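Summary of structural features
Spelled out from the first residue to the last, the chains are:
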Amino acid sequence: MQLSVEISKYPLADDYIGPITGFIEQLNTYADVTVLTNTMSTQLFGEYEAVMQALQECIKWSFERYGKVVFVCKFIHGDLRP
């Protein structure tokens, strides 16, 4: 089953660029997940299991590395990449 996810990350820190780019770099290490970014959000596309594994591991990594962070995610069944 294909999955599309849109993520917005809001670090609760004055230096917010580093935590956002670090998270995106981590997501890009997953070869089975397509990662697209724009100025408002990051979008993930791929098989359900691969996308969810990448999200789970990268969100945990982000919490451990950067502390308090807010994630807002939208999950959509299917591959809705542009």
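Residues numbered from 1 in each chain as written. Predicted model: local features only at pLDDT ≥ 70, side-chain atom pairs only at ≥ 80, totals over all residues. Heavy atoms only, no water.

1. What to know about the environment of V69
- Here V69 is to be found in strand 4 (residues 69-77).
- For the pair formed by V69 and Y10, sequence separation is 59 residues and the distance between their alpha carbons is 5.7 Å.
- What V69 contacts, discounting residues up to four positions off in sequence, is K9, Y10, P11, S62 and F63. (Helix = DSSP H or I, 4+ residues; strand = E, 2+ residues; numbered from the N terminus. Contact = heavy atoms within 4.5 Å.)

2. Let's talk about the pattern of salt bridges
- Tallied over the entire structure, the rule returns three salt bridges.
- Where E64 meets K60, a salt bridge forms, and the shortest distance between an N and an O atom there is 4.0 Å. You can see E64 and its partner K60 sitting in helix 2 (residues 48-66), four residues apart, about one turn around the helix.
- Notably, a salt bridge pairs D79 with R81, separated by 2.7 Å at the nearest N-O pair. (Salt bridge = Lys/Arg side-chain N within 4 Å of Asp/Glu carboxyl O.)

3. As for the confidence of the model for the chain
- In the predicted model, the chain carries a mean pLDDT of 96, and the fraction of residues at 70 or more is 100%.
- Averaged pLDDT values over the elements of the chain bottom out at 96 in helix 1 (residues 17-27) and peak at 98 in strand 3 (residues 42-47). (pLDDT = per-residue confidence, 0-100.)

4. A closer look at the sheet that holds strand 2 (residues 34-37)
- Here four strands make up an open sheet; going across it, the order is 2-3-1-4 and the pairing antiparallel. The sheet is open, and its two edges are formed by strand 2 and strand 4, each paired on a single side. With strand direction ignored, the average angle separating the axes of adjacent strands in the sheet is 20°.
- In the packing of helix 1 onto the sheet, the strands contacted are strand 1 (2-11), strand 2, strand 3 and strand 4, and the crossing angle to strand 1 comes to about 155°.
- Its contacts with the sheet place helix 2 against strand 1, strand 3 and strand 4, and it is angled at close to 140° to strand 3. (Pairing = 2+ DSSP bridges. Axes fitted to C-alpha atoms, helices over the stretch in contact; angles between N-to-C directions.)

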